Amino acid sequence: SASSPKRATIEGPSIDTKPDYSSIHGPLGQFVDDILMSLFRLKLSERINQPPTDNNTNNNARTATTPIESQLPLNDFMGIIELASSM
């Protein structure tokens, strides 16, 4: 009879060591992070909502009458996720 392989689980770090993600920011500070995130989101929204060009046509292209935008604040990462999921 063949021996069955041993199964092992690896226990992760304690929940007590979970970082406070809201206090983590880049080297230039939270203010600069917020500005860059807002700018990225505005540009992403413009890109998603621009009308199709001759080089970028397909049957599912959005038109100017159906803009896609998140209702979350500009510096909210989940707003970027919402926009990206509409692509």
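Residues numbered from 1 in each chain as written. Predicted model: local features only at pLDDT ≥ 70, side-chain atom pairs only at ≥ 80, totals over all residues. Heavy atoms only, no water.

**A look at a nonpolar patch on the surface**
Turning to step 1, where the next piece is worked out: Residues Leu72, Phe77, Met78 and Ile81 make up a contiguous nonpolar surface patch of about 350 Å² in total accessible area.
Turning to step 2, where the next piece is worked out: Its place among the elements puts Phe77 in helix α2 (residues 77–85). (Patch = residues over 30% accessible without salt bridge, like charges linked within 9 Å, V, L, I, M, F, W, Y side chains within 5 Å. Areas by Shrake-Rupley, 256 points an atom, 1.4 Å probe, with all protein chains shown as cover. Salt bridge = Lys/Arg side-chain N within 4 Å of Asp/Glu carboxyl O. Helix = DSSP H or I, 4+ residues; strand = E, 2+ residues; numbered from the N terminus.)

**With respect to the pattern of salt bridges**
Turning to step 1, where the next piece is worked out: Tallied over the entire structure, the rule returns 1 salt bridge.
Turning to step 2, where the next piece is worked out: Glu46 serves as the salt-bridge partner of Lys43, at 3.6 Å between the closest nitrogen and oxygen. Placement of both Lys43 and Glu46 in helix α1 (residues 30–49) is noted, with a separation of 3 residues, approximately one turn of the helix.
Turning to step 3, where the next piece is worked out: According to the relative accessible area criterion, Lys43 is partly exposed, its value standing at 47%. (Buried < 20%, exposed > 50% of the residue type's maximum accessible area, 1.4 Å probe, protein only.)

**Thoughts on the packing of α1 against α2**
Packed helix pairs are characterised by how far apart their axes lie and by the angle those axes make with each other.
Turning to step 1, where the next piece is worked out: Interaxial distance between α1 and α2 falls to 10 Å at its minimum, and their mutual angle equals 15°. Relative to α2, the element α1 lies roughly parallel. Classified by chirality, the crossing of α2 by α1 is left-handed. Only Phe77, Gly79, Ile80, Leu83 and Ala84 of α2 make contact with α1, whose side of the interface consists of Met37, Phe40, Arg41, Leu44, Ser45 and Ile48.
Turning to step 2, where the next piece is worked out: The residue makeup of the contact of α1 with α2, split by class, is 8 nonpolar, 2 polar and 1 charged. (Axes fitted to C-alpha atoms, helices over the stretch in contact; angles between N-to-C directions. Parallel < 35°, antiparallel > 145°, perpendicular 65-115°, else oblique. Left-handed = near helix turned anticlockwise from the far one by under 90°. Contact = heavy atoms within 4.5 Å. Nonpolar A, V, L, I, M, F, W, Y, C, P; charged D, E, K, R; others polar.)

**A few points about α1**
Turning to step 1, where the next piece is worked out: Its 20 residues place the ends of α1 28 Å apart at the C-alpha level, agreeing with the 28 Å of an ideal helix rising 1.5 Å per residue.
Turning to step 2, where the next piece is worked out: Along α1, the residues classified as buried are Ser38, Arg41, Leu44, Ser45, Ile48 and Asn49. Buried positions in α1, seen along its axis, are confined to an arc of 130° and lie on one side of it.
Turning to step 3, where the next piece is worked out: At its buried positions, α1 is contacted by α2. (Expected span 1.5 Å × (residues − 1). Arc of directions from axis to C-beta.)

The values are spatial; any link to function lies outside them.
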